[in-house]
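This is what each chain is made of:
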Amino acid sequence: MIINWLSSSVPDPEVVIICDYAKGAVTPRVSRWLINHCRNNSIPILLDTKSTTVAQFEGVTTLTPNVDEAQLLTHIKADDNNLKELGLALIDLFKSESAFITRAEKGVTVVTNEGRVHNIPAFSTEVTDVTGAGDTVSAAIALSLAARYELQDAALLSNAAAAVVVRKVGTAVPTISEVESFLNKHA
(Lines give C-alpha, C1' and ligand atoms only; values in the text may rest on other atoms or scores of the structure.)
Protein backbone atom coordinates (compact mmCIF):
# COMPACT_ATOMS: atom_id res chain seq x y z
CA MET A 1 0.00 0.00 0.00
CA ILE A 2 2.75 2.49 0.92
CA ILE A 3 4.78 1.54 -2.16
CA ASN A 4 1.75 2.05 -4.42
CA TRP A 5 1.13 5.45 -2.87
CA LEU A 6 4.79 6.46 -3.21
CA SER A 7 5.05 5.38 -6.83
CA SER A 8 1.86 7.17 -7.88
CA SER A 9 1.83 10.25 -5.63
CA VAL A 10 5.50 11.25 -5.51
CA PRO A 11 6.88 10.41 -8.95
CA ASP A 12 9.83 12.79 -9.35
CA PRO A 13 11.26 14.05 -6.07
CA GLU A 14 14.55 15.94 -6.04
CA VAL A 15 15.55 14.34 -2.73
CA VAL A 16 14.09 11.77 -0.35
CA ILE A 17 14.36 11.64 3.41
CA ILE A 18 13.78 8.31 5.08
CA CYS A 19 12.90 9.32 8.61
CA ASP A 20 12.42 6.12 10.57
CA TYR A 21 11.60 6.23 14.25
CA ALA A 22 11.37 2.42 14.35
CA LYS A 23 7.57 2.48 14.75
CA GLY A 24 6.87 0.00 11.91
CA ALA A 25 5.85 2.12 8.92
CA VAL A 26 9.25 1.94 7.22
CA THR A 27 9.39 -1.79 6.63
CA PRO A 28 12.36 -3.47 4.95
CA ARG A 29 10.24 -3.91 1.80
CA VAL A 30 9.31 -0.20 1.70
CA SER A 31 12.84 1.02 2.37
CA ARG A 32 14.43 -1.34 -0.19
CA TRP A 33 11.92 -0.30 -2.86
CA LEU A 34 12.46 3.38 -2.09
CA ILE A 35 16.27 3.15 -2.08
CA ASN A 36 16.32 1.15 -5.32
CA HIS A 37 13.92 3.60 -6.98
CA CYS A 38 15.99 6.59 -5.91
CA ARG A 39 19.32 5.07 -6.91
CA ASN A 40 17.94 4.09 -10.33
CA ASN A 41 16.79 7.69 -10.85
CA SER A 42 19.82 9.50 -9.34
CA ILE A 43 17.76 10.91 -6.47
CA PRO A 44 19.76 11.62 -3.29
CA ILE A 45 18.48 9.77 -0.21
CA LEU A 46 19.05 10.98 3.34
CA LEU A 47 18.51 8.55 6.22
CA ASP A 48 17.53 9.62 9.72
CA THR A 49 16.78 6.45 11.66
CA LYS A 50 16.43 5.28 15.22
CA SER A 51 16.59 1.68 14.04
CA THR A 52 19.70 -0.46 14.42
CA THR A 53 18.66 -2.61 11.46
CA VAL A 54 21.23 -1.64 8.87
CA ALA A 55 20.61 -4.00 5.92
CA GLN A 56 17.27 -2.47 4.95
CA PHE A 57 18.91 0.95 4.56
CA GLU A 58 22.06 -0.01 2.64
CA GLY A 59 22.70 2.27 -0.31
CA VAL A 60 21.38 5.57 1.04
CA THR A 61 23.35 8.61 -0.12
CA THR A 62 23.97 9.95 3.37
CA LEU A 63 22.81 9.58 6.94
CA THR A 64 22.49 11.94 9.91
CA PRO A 65 22.97 10.10 13.19
CA ASN A 66 23.80 11.95 16.35
CA VAL A 67 26.92 10.81 18.23
CA ASP A 68 24.99 8.42 20.50
CA GLU A 69 23.24 6.78 17.51
CA ALA A 70 26.55 6.51 15.62
CA GLN A 71 28.20 4.81 18.61
CA LEU A 72 25.30 2.37 18.94
CA LEU A 73 25.44 1.47 15.24
CA THR A 74 29.22 1.09 14.99
CA HIS A 75 30.15 -0.03 18.52
CA ILE A 76 32.89 2.65 18.45
CA LYS A 77 33.18 4.99 21.43
CA ALA A 78 33.24 8.47 19.91
CA ASP A 79 35.57 11.27 20.88
CA ASP A 80 36.88 14.36 19.12
CA ASN A 81 39.88 12.40 17.79
CA ASN A 82 38.14 9.47 16.10
CA LEU A 83 35.24 11.06 14.23
CA LYS A 84 36.77 10.07 10.88
CA GLU A 85 36.90 6.43 11.99
CA LEU A 86 33.32 6.65 13.25
CA GLY A 87 32.11 8.23 10.00
CA LEU A 88 33.93 5.72 7.80
CA ALA A 89 32.45 2.86 9.84
CA LEU A 90 28.96 4.28 9.27
CA ILE A 91 29.64 4.71 5.55
CA ASP A 92 30.87 1.13 5.34
CA LEU A 93 27.85 -0.20 7.24
CA PHE A 94 25.31 1.64 5.10
CA LYS A 95 27.23 1.57 1.81
CA SER A 96 26.69 5.32 1.62
CA GLU A 97 28.64 8.22 0.16
CA SER A 98 28.83 10.28 3.33
CA ALA A 99 27.73 10.64 6.93
CA PHE A 100 26.77 13.78 8.84
CA ILE A 101 27.40 13.09 12.53
CA THR A 102 25.48 15.64 14.57
CA ARG A 103 27.25 16.67 17.74
CA ALA A 104 24.83 19.08 19.47
CA GLU A 105 26.67 22.20 20.63
CA LYS A 106 29.86 21.01 18.87
CA GLY A 107 28.23 21.16 15.43
CA VAL A 108 28.31 18.63 12.61
CA THR A 109 31.13 16.43 11.37
CA VAL A 110 30.87 15.37 7.73
CA VAL A 111 32.83 12.33 6.59
CA THR A 112 32.96 11.22 2.96
CA ASN A 113 33.62 7.77 1.55
CA GLU A 114 36.95 9.13 0.27
CA GLY A 115 37.95 9.87 3.88
CA ARG A 116 37.55 13.65 3.79
CA VAL A 117 36.42 15.16 7.08
CA HIS A 118 34.77 18.54 7.61
CA ASN A 119 34.12 19.70 11.17
CA ILE A 120 31.55 22.47 11.00
CA PRO A 121 31.15 24.10 14.41
CA ALA A 122 27.76 25.00 15.77
CA PHE A 123 26.84 28.63 16.03
CA SER A 124 26.91 30.10 19.50
CA THR A 125 23.35 31.07 20.25
CA GLU A 126 20.84 31.27 23.06
CA VAL A 127 19.08 27.92 23.40
CA THR A 128 15.43 27.97 24.42
CA ASP A 129 14.25 24.51 23.32
CA VAL A 130 16.06 21.78 21.36
CA THR A 131 12.83 20.09 20.24
CA GLY A 132 13.08 19.31 16.53
CA ALA A 133 16.68 20.47 16.09
CA GLY A 134 17.78 17.10 14.68
CA ASP A 135 14.87 17.00 12.23
CA THR A 136 15.74 20.55 11.17
CA VAL A 137 19.32 19.50 10.50
CA SER A 138 18.13 16.57 8.36
CA ALA A 139 15.71 18.76 6.41
CA ALA A 140 18.35 21.42 5.74
CA ILE A 141 20.86 18.80 4.59
CA ALA A 142 18.23 17.23 2.32
CA LEU A 143 17.42 20.63 0.83
CA SER A 144 21.13 21.17 0.26
CA LEU A 145 21.49 17.77 -1.43
CA ALA A 146 18.62 18.61 -3.76
CA ALA A 147 20.33 21.91 -4.61
CA ARG A 148 23.64 20.03 -5.14
CA TYR A 149 25.50 22.03 -2.48
CA GLU A 150 28.93 20.94 -1.32
CA LEU A 151 28.67 18.81 1.82
CA GLN A 152 30.41 21.32 4.07
CA ASP A 153 28.00 24.02 2.85
CA ALA A 154 25.10 21.68 3.64
CA ALA A 155 26.47 21.26 7.17
CA LEU A 156 26.85 25.03 7.59
CA LEU A 157 23.28 25.63 6.41
CA SER A 158 21.97 22.88 8.69
CA ASN A 159 23.78 24.38 11.68
CA ALA A 160 22.27 27.79 10.93
CA ALA A 161 18.77 26.34 10.55
CA ALA A 162 19.14 24.45 13.84
CA ALA A 163 20.40 27.61 15.57
CA VAL A 164 17.25 29.43 14.46
CA VAL A 165 15.00 26.60 15.68
CA VAL A 166 16.56 26.16 19.13
CA ARG A 167 15.85 29.82 19.88
CA LYS A 168 12.11 29.10 19.57
CA VAL A 169 9.76 27.35 22.00
CA GLY A 170 8.39 23.95 21.03
CA THR A 171 8.42 22.31 17.64
CA ALA A 172 9.33 25.03 15.17
CA VAL A 173 10.29 25.53 11.55
CA PRO A 174 12.89 28.04 10.41
CA THR A 175 11.94 30.25 7.50
CA ILE A 176 14.34 30.93 4.67
CA SER A 177 14.53 34.58 5.64
CA GLU A 178 15.33 33.67 9.27
CA VAL A 179 18.17 31.40 8.18
CA GLU A 180 19.50 33.99 5.72
CA SER A 181 19.37 36.69 8.38
CA PHE A 182 21.09 34.43 10.90
CA LEU A 183 23.87 33.58 8.42
CA ASN A 184 24.34 37.24 7.52
CA LYS A 185 24.85 38.09 11.19
CA HIS A 186 26.91 35.08 12.28
CA ALA A 187 28.80 33.58 9.34
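Heads up: the structure comes first, above all this text.
In what follows, the accompanying structure is described.

Thresholds, definitions, all that
- Residues numbered from 1 in each chain as written.
- Predicted model: local features only at pLDDT ≥ 70, side-chain atom pairs only at ≥ 80, totals over all residues.
- Heavy atoms only, no water.
- Helix = DSSP H or I, 4+ residues; strand = E, 2+ residues; numbered from the N terminus.
- Buried < 20%, exposed > 50% of the residue type's maximum accessible area, 1.4 Å probe, protein only.
- Contact = heavy atoms within 4.5 Å.
- Axes fitted to C-alpha atoms, helices over the stretch in contact; angles between N-to-C directions.
- Left-handed = near helix turned anticlockwise from the far one by under 90°.
- Nonpolar A, V, L, I, M, F, W, Y, C, P; charged D, E, K, R; others polar.
- Phe/Tyr/Trp six-rings, centres within 6.5 Å; stacked < 30°, edge-to-face > 60°.
- Core = buried A, V, L, I, M, F, W, Y, C linked by side-chain atoms within 4.5 Å.

Observations regarding the environment of L156
Along the chain, L156 turns up in helix α6 (residues 151-165). Accessibility expressed as a relative area gives 31% for L156, which makes it partly exposed. Considered as a pair, L156 and Y21 are 135 residues apart in the sequence and their alpha carbons are 25 Å apart. When sequence neighbours within four positions are dropped, the list of residues in contact with L156 reads I120, F123 and L183.

Re the packing of helix α5 (residues 133-146) against α6
The N-to-C vectors of α5 and α6 enclose an angle of 145°; their axes lie 8 Å apart at closest approach. The way α5 lies across α6 gives a crossing that is right-handed. On α6, the residues touching A133, T136, V137, A140, I141, S144 and L145 of α5 are L151, A154, L157, S158, A161, A162 and V165. For the contact of α5 with α6, the class distribution of residues is 11 nonpolar, three polar and no charged.

Let's talk about the packing of aromatic side chains
According to the stated counting rule, one finds one aromatic pair in the structure shown. Between the aromatic rings of F123 and F182, the centroid separation amounts to 5.1 Å while the plane-to-plane angle is 90°, which identifies the pairing as edge-to-face. Of this pair, F123 sits in the loop between β6 (117-120) and α5 while F182 sits in helix α7 (residues 176-186); the two residues are 59 residues apart in sequence, bridging distant segments of the chain.

Describing the nonpolar core
Proteins that are soluble and globular tend to have nonpolar side chains buried together. Grouped together as the largest cluster of nonpolar side chains are 27 residues, with contacts concentrated most on I18, L90 and F94. In terms of residue count, helix α4 (residues 83-94) provides more of this core than any other element does, five residues in total. Apart from residues lying up to four places away in sequence, F94 is in contact with L47, V54, F57, E58, G59, V60, L63 and L73. Counting residues in hydrophobic clusters, the runner-up holds 13 residues, among them V110, I120, I141 and A162.

Any functional reading would require information that these geometric values do not contain.
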